[in-house]
Amino acid sequence: MAQAQAGLARGITAQAAGAQVDALFNFSQSIAFDPSQIEALSRLNILSTDISGGTISQWILSDFEARDPH
């Protein structure tokens, strides 16, 4: 239960910081430890929708482009 709560907290922090992929990972971990984590499941569903819609993929590509030195 504590691991599930920690995963949820890390996911919320990552999501607030704009680290959507890290948030997705942490919400998934939270649910793996405790499938009754309704808030984590809800947030995971929203992020999954963003991924299938291409939003997160575009953020990742934009981040790579911004870091590219040329």
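Before any of the text, the structure's been laid out above.
Below you will find a few notes about this structure.

A look at the pattern of salt bridges
If you walk through the whole model with that rule in mind, you get one salt bridge. Its salt-bridge partner being R43, residue E39 comes within 3.1 Å of it at the nearest N-O pair. Of the two residues, E39 and R43 both sit in helix α3 (residues 38-52), four residues apart, roughly one turn of that helix. Residue classification places R43 among the partly exposed positions, given a relative accessible area of 24%.

Considerations on the nonpolar core
L8, A14, A23, L24, F27, I31, A40, L44 and L47 together form the largest nonpolar core, which totals nine residues. Broken down by secondary-structure element, the contributors of at least two residues to this core are α1 (2-16), α2 (20-33) and α3. The element best represented in this core is α2, accounting for four residues. The residues contacting F27, other than those within four sequence positions of it, are G7, L8, G11, I12, Q15, A40, R43, L44 and L47.

Quick look at the packing of α1 against α2
Contact geometry of α1 with α2 gives a least axis separation of 7 Å together with a crossing angle of 165°. Our classification of the angle between α1 and α2 gives roughly antiparallel. For the crossing formed where α1 meets α2, the hand is left-handed. Here Q3, A4, G7, L8, R10, G11, I12, A14 and Q15 of α1 come into contact with α2, specifically with Q20, D22, A23, N26, F27, Q29, S30 and F33. When the residues that make up the contact of α1 with α2 are grouped by side-chain class, the tally is seven nonpolar, eight polar and two charged.

Conventions we followed
Residues numbered from 1 in each chain as written. Predicted model: local features only at pLDDT ≥ 70, side-chain atom pairs only at ≥ 80, totals over all residues. Heavy atoms only, no water. Salt bridge = Lys/Arg side-chain N within 4 Å of Asp/Glu carboxyl O. Helix = DSSP H or I, 4+ residues; strand = E, 2+ residues; numbered from the N terminus. Buried < 20%, exposed > 50% of the residue type's maximum accessible area, 1.4 Å probe, protein only. Core = buried A, V, L, I, M, F, W, Y, C linked by side-chain atoms within 4.5 Å. Contact = heavy atoms within 4.5 Å. Axes fitted to C-alpha atoms, helices over the stretch in contact; angles between N-to-C directions. Parallel < 35°, antiparallel > 145°, perpendicular 65-115°, else oblique. Left-handed = near helix turned anticlockwise from the far one by under 90°. Nonpolar A, V, L, I, M, F, W, Y, C, P; charged D, E, K, R; others polar.

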